[in-house]
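# Structural characterization, general
Take a look at the letters that make up each chain.
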Amino acid sequence: MELRIPDMSLVVLIGASGSGKSTFAAKHFRPTQVLSSDFFRGLVSDDENDQAASRDAFDALHYVAGKRLRAGLVTVVDATNVQKEGRAQLIRLAREHNVLPVAVVLDIPERDCVERNATRPDRDFGARVVRRHVSELRRSLPHLAREGFRDVHHLRGQEQVDAAVFVRERLRNDLRDRTGPFDVIGDVHGCRAELEELLAELGYAVERDAAGRAVGAAHPLGRTAVFVGDLVDRGPDTPGVLRLVMGMVGAGTALCVSGNHEFKLVKALRGNKVTIRHGLAETLEQLRAAGPEFTAEVRRFCDGLRAHYVLDGGDLVVAHAGLPEHYHGRASGRVRSFALYGDTTGETDEYGLPVRYPWAEEYRGRAMVLYGHTPVPEVEWVNGTMCLDTGCVFGGKLTALRYPEREIVDVPAHETHYEPTRPLRPARAARQLALTDVLGKRVVETGLMGKVTIREDRAAAALEVMSRFATDPRWLLYLPPTMAPTETSALPGLLEHPVEAFAGYAGQGVREVVCEEKHMGSRAVLLATRDASVGPRRFGIEGDGALHTRTGRPFFDDALGGELLLRARSAITAAGLWDELGTDWLLLDAELMPWNAKATGLITSTYAATGAASTASLPAAVSALHAATARGLDVSALLDRTSARSANAFAYRDAYRRYCAPVSGVDDIRIAPFQVLAAEGSTFHTRPHLWHLDTADRLRAADPLFTLTRHRLVDVTDPASVADGVAWWEELTAAGGEGMVVKPAANQTGAGRGLAQPGVKVRGPEYLRIIYGPDYQRHLDVLRVRNVAHKRSLAVREYALGVEALSRVAAGEALWRVHECVFAVLAMESEPIDPRL
Amino acid sequence: MLLTLTTTHTPATDLSHLLFKHPDNPQSFDTSVGVAHVFYPRADEDECTVALLLEVDPVALARGKGDKRQTRTLSSYVNDRPYAAGSMLSVALGKVFGTAMTGRGGQRQQVADAAMPLRVALPAAACRGGVALAERLFTPLGWAVEAAAVPLDPEFPEWGESDYLDLVLIGRLRLADALRQLYVLLPVMDGSKHYRIDESEVDKLVRAGGSWLPAHPERDLISARYLDHRHAYVATALDRLSELDASPPPAQDEAEVPAERTPLAAVRRQVVRDELRALGARRVLDLGCGRGALLLQLAEDPAFTEVVGVDVSAAALRIAAKRVDKLPDRVRSRVAVRQSSLVYGDATLAGYDAAVLVEVVEHIDPGRLPAMEQAVFGTARPAHVLVTTPNVEHNALFEGLAEGALRHDDHRFEWTRAQFREWAGGVAERSGYTVRHVPIGPDDPVHGPPTQLAVFSRAEA
């Protein structure tokens, strides 16, 4: 005997104690699929038969069942379930999760149950209990079907129980095996002529009957059209549209989900009482003219339409009014209603029309959702969903989306066939981020390193920085990764030296590296736009772009920052990069000089203060010691030490001073771009660094705001080349320079565990004085014990997250998808790591 | 860091006897803060100068310091502590010249008991409060103060002055008194101690200050700063000092807190609570609850059945949560705190009767206010929203607030009454709320109240 159960279902076993439910469940289901009340009694009371624990046991059982149903897993409840109240709770649970409840009754004679219980020493409750169960079951049986079970499988006697076989049935909305490609078409509303044009535009060959009427269409490449519903009403030729679509669906070249208008049409054709409005009158009139036979066909067709489809392995969902993720592939009245009508907030707008619940703004699902229902002037991606109803019948256009290509194809309406109740309005842009997009432990899937985990406490720490200090997330598309220093040098007087950096890359199989001068400024990310319209259009925000620090803070106030953005825009225009890169926005990684342009607070509170205190006190100590020496006291060791410290104090002050220059306006600012991060449709992390530096040089040629980054190529396997690289570093640092960054010349190298450090810094001894303190060279033995490994690991993870953010931006993904990566970088930066590395 | 002390007492070399340190014998002492060297740059009949040079090992300083769980910043490694005279030098002073501080003079007790001409030089004395503070501290004790602020960096005059003074004190005092005063006032000028203080600090203060502090006009300030503003310790110290002085116990230490602040905050909380009660709100959100001052006040009031405090700062919430944990069960069951952010949509904040944002909006960048508006008036959408913010017009009435200055470093803006009304009106219009305005604090006829409150009510509510 075949027992059919839907793919997503709650199977409720019903039978007296001793009827063999557990044995039956174990035979047909995996142990994890079966939730037994006895087991839960044991969990909450340590006694599987403690009836006093039943209430808690069922609480826990329902809780676990709820978790499983939410995940869409078949779940079997192994309890007697002979009482109506118990079953009602389970039915409610199934409904809550929009899965179908199925009852399986094990109808075993009372004496067999009693006999079986007798063999089990733990069941000493005797025949009376079994008798009660059986009688309750008897009373329940006639009503089970009406209680809300989708199917009731009644197994009479042991023989039927033994013969039963479960057959899992796919839900009818489950077309995951259909992989397309698809052409998903928005609301047609009786606009047959436009539909024919659109199909032709999409490459379909329209078939016609003897009368010249379109009765089908097929694509030479076997593509499938998918209609989002609302084929009917309002427009001039609803029968023509239906004839064409019914032909396509019949021939298997199209799929169609029901719209609310089809649903209502069916009711009207059935003779139910419906209000004839919103264009239904025209449809009924047109159908009358098309004849009763055709009308009957239409009724059958519309009545058979599903409310939504899950396609292409679950990656694509089509529903007339859209569908939140927890409804995908589910079946219930609620799911159907949402798919047909959407949800409303309970408010009405100034035209008296209901305000739609903005489910798409909150949508965070993996599947693309395509829908119609609410006409918009232009299509727009909202968190991976798109409304394709561009109001053809209202004089807009008829739109299709090619899937998986994500290409839009549309044809204009021939005329305004029907006056809209209110003007078409753009969907509210989904730029609001949800707390759940960033808070808590998070796992971000990156292309370069797979899953990257963000700890909950790090995210909590980053939330404050991001909320209170960072620039608007719509502008904040990237945060640069931290950079690890080279392994520690053992050379006298040095903590860092290029040899270790070169050897490190050689060890990773990177032969050619580029050494770039480390600028004495602040890390800056520059987002420039081609003109003022790009911000609102592409990023949903007014403005010309953004210039922010490595923690996302704006560099300057609006006036100065705005001026810099305009300069950047002109330079990019002059360099011809907009057209060359095919974009109207450009994201650059750069260094901004001088350091004090942003860091004055840090410099004065820490560096200058230390300099002031040390240069005030140490010379005085030296002269006191000189006076003591003149008196013939032996303080020579202390004098030598103090003189050295005094000299170090002045060297320390000199070291930070090199980074500072008065800033009174934009002309005192220099920006050294060293990497093009992203543009529309492209990232550049696989282009060699020389390309990036050459691009930066073109900006410099266009505007002296931009400055070049001096660099050298080094072959780490060639001793002469290495020596050349070392000599260059010595030259840079002898002049007081910060040092250099060594990067794989080819740019991103390796992936996963083999992902090479994107860059390694080799800082000069005078710069390190600022970081490690005036006298750090006296303590090198202690300072050499430093843990670079953790910083290196962090650097590659942040790099992978950064590249992921860029890839998502370039691909035009939803803001929250970009922001989760950007936020993750900031969260990682709150790791407690030696800040001197 | 260096301190020199000079006398022109005759014979000046008596100084070395009083200090118990031989003028021709440089000495070094290991102390808990580093190695203290004592030597005499000059020692003759006319003039004698002793130098105390404290050498601090900055590496050891950084290692021994701080909470290991806290993220260290660069300034935990590189800072002024090895150079600027402050609490560390005070510790060294106590260790090296401890006997002299007691006033014992050995064979020269008469010299020890008498005032002598003294000149103290500190080339880099940490002093948060500048020359004026040094004068307030030392002048009442009989010192002539010659002080100049050290510039942060002479090459960058625009950075201004550092917190260090090139300080010279000249006076006729008993040596023991001079040393005790320095012992107490060095950390007081600095305003921070290099270690965590405990109750033994009260003893130290009373011991070193007993002879001169009770009558000092800045006694309260000195006690508060010496004891790191730990109120319980400060109160104990002041009581004990008053007993020494036989003067009435002083009022609580609020010396450095502007008198206006605390009452206004309390008035604000009171007004907000009264408004919430008048609105009949039962379930209330405290958005930006900080450490929970308002939250706890609301929790105590049974008119509110559920009070949820959220804040973006995990650190502030930890403190709020600790305070909530101490509440009795009955009260605690009504309160919850959790982290959230007003620039992200948080669906768990939906469905409340009222939300209050007390002194919150002015901490949000103007560019992010629309995100806050969406999160509060869109996503959370309570029946009522109460927003308080400073009225910048009233700043003119605050003494000690420079013209054009804002009340807090982190304020991104402070609005006039008209600006607040304009913003509030826009929000109400866009979000379907009505709004009315309530002054908080004394309503000045020209400048208005110090705080302004807007009460938004959802139109259909």
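Residues numbered from 1 in each chain as written. Chains lettered and ligands numbered in written order. Predicted model: local features only at pLDDT ≥ 70, side-chain atom pairs only at ≥ 80, totals over all residues.

## Let's talk about the overall build of chain B
This is how it is decided: Helix numbering and strand numbering both begin at the N terminus, where a helix is a DSSP run of H or I of at least 4 residues and a strand a DSSP run of E of at least 2. Remark: C-beta atoms are placed from the backbone, and a residue is labelled buried if 20 or more other C-beta atoms sit within 10 Å of its own, exposed if 12 or fewer do, or partly exposed between those counts. By the criterion used throughout, residues are in contact when their C-beta atoms, derived from the backbone, lie within 7 Å.
Broken down by element type, chain B carries 16 helices and 14 strands. Considered along the principal axes of its C-alpha atoms, chain B spans approximately 90 × 50 × 45 Å. Expressed as a percentage of the 461 residues in chain B, the buried residues total 44%. Counting contacts in chain B only where the partners sit at least 6 residues apart, residues at least 24 apart contribute 69% of the total.

## Let's talk about the overall build of chain A
Short version of the rule: Radius of gyration: over C-alpha atoms. The globule rule applied is 2.2 Å multiplied by the number of residues raised to the 0.38 power.
Along its length, chain A carries 27 helices and 34 strands. Its C-alpha atoms give chain A a radius of gyration of 36 Å, more than 25% over the compact-globule value 28 Å for 837 residues. Its C-alpha atoms put chain A at 115 × 80 × 55 Å along the principal axes. Within chain A, the proportion of its 837 residues that are buried is 51%. Contacts in chain A between residues far apart in sequence, at least 24 positions, make up 73% of those at least 6 positions apart.

## Focus: helix H1 (residues 21–28) of chain A
Residues and elements named next belong to chain A. For clarity, the threshold we go by: The directions considered for the arc run from the helix axis to the C-beta atoms.
For H1, the full list of buried residues reads Lys 21, Phe 24 and Ala 25. One side of H1 holds all its buried residues, which, seen down the axis, span an arc of 95°. Elements that come into contact with the buried residues of H1 comprise strand E2 (9–14), strand E3 (34–36), strand E4 (75–78), strand E5 (100–107) and helix H7 (157–163).

## Quick word on the domain arrangement of chain A
Residues and elements named next belong to chain A. Rule in force here: Bear in mind that the domain bounds are from an automatic or database domain assignment. Three residue categories are used. Nonpolar comprises Ala, Val, Leu, Ile, Met, Phe, Trp, Tyr, Cys and Pro, charged comprises Asp, Glu, Lys and Arg, and polar comprises the others, including Gly.
Annotation of chain A at the domain level lists domain 1 (2–169), domain 2 (174–412), domain 3 (442–475 + 788–837), domain 4 (489–518 + 709–785), domain 5 (520–594 + 664–708) and domain 6 (602–657). Here domain 1 and domain 2 have C-alpha centroids that lie 41 Å from each other. Counting residues at the interface gives seven residues for domain 1 and eight residues for domain 2. Its residues assigned to classes, the side of domain 1 that touches domain 2 comprises three nonpolar, two polar and two charged.

## Describing the sheet that holds strand E32 (residues 711–715) of chain A
Residue and element names in this part refer to chain A. Heads up, the rule is: DSSP-based pairing: two strands are paired if at least 2 bridges between them are found.
Taken in spatial order, the five strands make up an open sheet running E25-E34-E33-E26-E32, and their pairing is mixed. Each end of this open sheet is capped by a strand with a single partner; those strands are strand E25 (484–485) and E32. Sheet topology places strand E26 (residues 512–517) next to strand E33 (residues 739–744); five bridges connect them, and they run antiparallel. Bridging from a neighbouring strand, Glu 517 pairs with Met 740 of E33.

## Regarding the interface of chain A and chain B
Chain A puts 48 residues into the contact, and the matching count from chain B is 53 residues. For the side of chain A that touches chain B, the secondary-structure elements that each account for two or more residues are helix H15 (456–468), helix H20 (596–630), helix H21 (636–657) and helix H24 (765–772) of chain A. The element contributing the most residues to the side of chain A that touches chain B is H20(A), with 17 residues.

## Looking at the confidence of the model for chain B
Our working definition: Across the chain, each position has a pLDDT score giving the predictor's confidence in that residue, from 0 to 100.
The predicted model of chain B has a mean per-residue pLDDT of 88, with 93% of residues at 70 or higher. Low pLDDT (under 50) marks residues 249–261 of chain B, which in the prediction has 20 contacts with non-local residues, meaning those over four places away or in another chain.

## What to know about unusual backbone geometry
With an omega of 10°, the peptide bond between Tyr403(A) and Pro404(A) qualifies as cis. Relative to the helices and strands, Pro404(A) resides in the loop between strand E21 (397–403) and strand E22 (407–412). For the bond running from Thr10(B) to Pro11(B), omega is -10°, close enough to zero to count as cis. Within the secondary structure layout, Pro11(B) lies in the loop between strand E1 (2–7) and helix H1 (14–19). At Arg406(A), a residue that is not glycine, the phi angle is positive and equals roughly 60°. On the basis of neighbour counts, which here come to 12 C-beta atoms within 10 Å, the residue Arg406(A) falls in the exposed class. Even without glycine at this site, Phe20(B) takes up a positive phi of about 60°. In this structure, Phe20(B) sits in the loop between H1 and strand E2 (27–31).

## Quick word on the environment of Ala118(A)
Within the fold, Ala118(A) resides in helix H5 (residues 110–118). Distance in space between the C-alpha atoms of Ala118(A) and Gly18(A) is 9.1 Å, their sequence separation being 100 residues.

## Some words on the sheet that holds strand E6 (residues 151–156) of chain A
All names here are of chain A. Our working definition: In this analysis, axes come from line fits to C-alpha atoms, helices being fitted only over the stretch in contact, and the angle between any two N-to-C directions falls in the range 0 to 180 degrees.
Within the open sheet, the five strands sit side by side as E3-E4-E2-E5-E6. Their pairing is parallel. Strands with a single pairing partner mark the edges of an open sheet, and in this sheet they are E3 and E6. Mean inter-strand twist for the sheet, computed between neighbouring axes without regard to direction, equals 20°. The sheet strands contacting helix H4 (residues 84–96) are E2, E4 and E5, and the helix crosses E2 at an angle near 170°.

## Considering the domain arrangement of chain B
How big an interface is tends to be stated in terms of the accessible area lost upon association of its parts. Here the domain parsing of chain B yields domain 1 (2–195) and domain 2 (261–458). Put simply, the middle of domain 1 of chain B and the middle of domain 2 of chain B, counted by C-alpha atoms, are 48 Å apart.

## Some details on the nonpolar core
Basically, it comes down to this: Think of a nonpolar core as buried Ala, Val, Leu, Ile, Met, Phe, Trp, Tyr and Cys residues, each tied to the set through C-beta atoms within 7 Å.
Core analysis: the largest hydrophobic core is formed by 267 residues, its most contacted members being Val822(A), Leu52(B), Ala124(B) and Tyr164(B). Per-element accounting of this core gives the leading share, 14 residues, to H20(A). With sequence-adjacent residues up to four places away left out, Ala124(B) is seen in contact with Ala613(A), Ala616(A), Ser617(A), Met1(B), Tyr83(B), Ala84(B), Ala85(B), Val150(B) and Tyr164(B). Formed by 120 residues, the second largest nonpolar core is a distinct cluster that contains Val99(A), Ala225(A), Cys256(A) and Tyr363(A).

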